[in-house]
Amino acid sequence: MSSRADPAAMLDDINLPLILLAALLATGSPGPATLNIAGTAMTSGRRHALAMASGVSTGSLMWSTAAAFGLGAVMLANAWVFEAMRYFGAGYLIFLAVKSAKSALTPGDLATRGGAYSSVKHAYASGLALHLTNPKAILFFGSLYAVGVPAQASPLTLLTIIGAVAVQSTLVFHGYALLFSSAPAVRVYLRLRRWFEGAFALAFGYAGFRILTARLG
């Protein structure tokens, strides 16, 4: 009789609902990714918002896969790589803060400013860059797999978790895009555009500052 671990038994050893709940709290709570998707939905429309959500989802899948197969630990062990990513991430968030602040200080109706992203490819790339330069993402996924998954988990177990988290994250991010591109949300944005943009500027600036000054080591 084979002494190798049964993949089905390994799946029984993980608490998939708890893992998905943790991932849901991380992806669904307000943060740079969800705020940027919401802002894009209200200013540039549904297509651009869905493209951005796809970019964020792709970044989430990449971090999840990296953490599951140990790349996250390698990155954390090389401080210069992690520090470079941290500065890039903070810089990008501060850029978004400045962009939103300029919009908030500009009087008049900018509701039709579809030029916020020149194309859906641009929106996708922005979402991907936003998530790939967020060091909090690799910390979250690293903790998720370290705590919630047995050290000897089989590739099937890891792929099951990666797939389940990816599907859930995609639904959450795309749900934000659909919700905030709805007619009622856009109407509210039209009335309170400058307040929204000011709030986005503060949120992005605060997130960038926190990443820049956090002690992640």
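Residues numbered from 1 in each chain as written. Predicted model: local features only at pLDDT ≥ 70, side-chain atom pairs only at ≥ 80, totals over all residues. Heavy atoms only, no water.

A. Up close: the overall build of the chain. If you tally the helices and strands in the chain, you get 11 helices and 0 strands. By the burial criterion, 43% of the 217 residues in the chain qualify as buried. The long-range share in the chain, meaning contacts at least 24 apart out of those at least 6 apart in sequence, stands at 85%. For the chain, the computed accessible surface area is about 11,300 Å², with 70% contributed by carbon and sulfur atoms. (Helix = DSSP H or I, 4+ residues; strand = E, 2+ residues; numbered from the N terminus. Buried < 20%, exposed > 50% of the residue type's maximum accessible area, 1.4 Å probe, protein only. Contact = heavy atoms within 4.5 Å. Areas by Shrake-Rupley, 256 points an atom, 1.4 Å probe, with all protein chains shown as cover.)

B. Looking closely at helix 4 (residues 46-68). Relative to the 33 Å expected for 23 residues at 1.5 Å per residue, helix 4 spans 32 Å between its end C-alpha atoms, a close match to the ideal helical length. Directly beyond the C-terminal end of helix 4, a positive phi value near 95° is found at Gly70. (Expected span 1.5 Å × (residues − 1).)

C. Quick look at the environment of Tyr189. Assignment of secondary structure puts Tyr189 in helix 10 (residues 183-191). A residue is classified by how much of its surface remains accessible, and Tyr189, at 0% relative accessible area, is buried. Separated by 146 residues in the primary sequence, Tyr189 and Thr43 have C-alpha atoms spaced 8.3 Å apart.

D. Summary view of the packing of aromatic side chains. Under the counting rule described, the total for this entry stands at 2 aromatic pairs. The interplanar angle of 65° and the centroid separation of 5.1 Å between the aromatic rings of Phe140 and Phe141 together place this pair among those described as edge-to-face. By relative accessible area, Phe140 is classed as partly exposed at 23%. (Phe/Tyr/Trp six-rings, centres within 6.5 Å; stacked < 30°, edge-to-face > 60°.)

E. Region of interest: the nonpolar core. Core analysis: the biggest nonpolar cluster contains 26 residues, and Ile37 and Leu93 have the highest contact counts within it. Contributing elements (two or more residues each) for this core: helix 3 (32-44), helix 4, helix 6 (79-104), helix 7 (120-132), helix 9 (155-180) and helix 11 (193-213). Among residues more than four places away in sequence, those in contact with Leu93 are Pro32, Leu130, Phe204, Ala207, Gly208 and Ile211. Counting residues in hydrophobic clusters, the runner-up holds 18 residues, among them Ile14, Val149, Ala153 and Ile162. (Core = buried A, V, L, I, M, F, W, Y, C linked by side-chain atoms within 4.5 Å.)

F. Representation of the layout of surface pockets in the model. The volume enclosed by the largest pocket comes to roughly 570 Å³. What lines the largest pocket is a set of 27 residues, among which Ala26, Gly31, Pro32, Asn134 and Lys136 lie closest to the centre. Counting residues per element, the ones that place at least two in the lining of the largest pocket are helix 2 (16-28), helix 3, helix 6, helix 7, helix 8 (135-148) and helix 11. Broken down by element, the lining of the largest pocket gets its largest block of residues, 5 residues, from helix 11. Across the lining of the largest pocket, the residue classes break down as 16 nonpolar, 9 polar and 2 charged. (1 Å grid on protein atoms, 1.4 Å probe; cavity = no way out; pocket = protein on both sides within 12 Å on 5 of 7 lines; lining within 4 Å. Points joined across faces, edges and corners; volume = space filled by probe spheres on them. Nonpolar A, V, L, I, M, F, W, Y, C, P; charged D, E, K, R; others polar.)

G. Seen up close, the side chain of Ser60. Its place among the elements puts Ser60 in helix 4. Apart from residues lying up to four places away in sequence, Ser60 is in contact with His131, Phe141, Ser169 and Phe173.

H. Expanded view of the environment of Gly91. In this structure, Gly91 sits in helix 6. Separated by 121 residues in sequence, Gly91 and Leu212 have C-alpha atoms that sit 8.4 Å apart.

I. Up close: the environment of Thr58. Topologically, Thr58 is positioned in helix 4. Taking the relative accessible area as the measure of exposure, Thr58 reaches 24% and is therefore partly exposed. Residues Thr58 and Leu128, 70 residues apart in the sequence, show an inter-C-alpha distance of 6.5 Å. The contacts of Thr58, once residues within four sequence positions are left out, are Tyr124 and Leu128.

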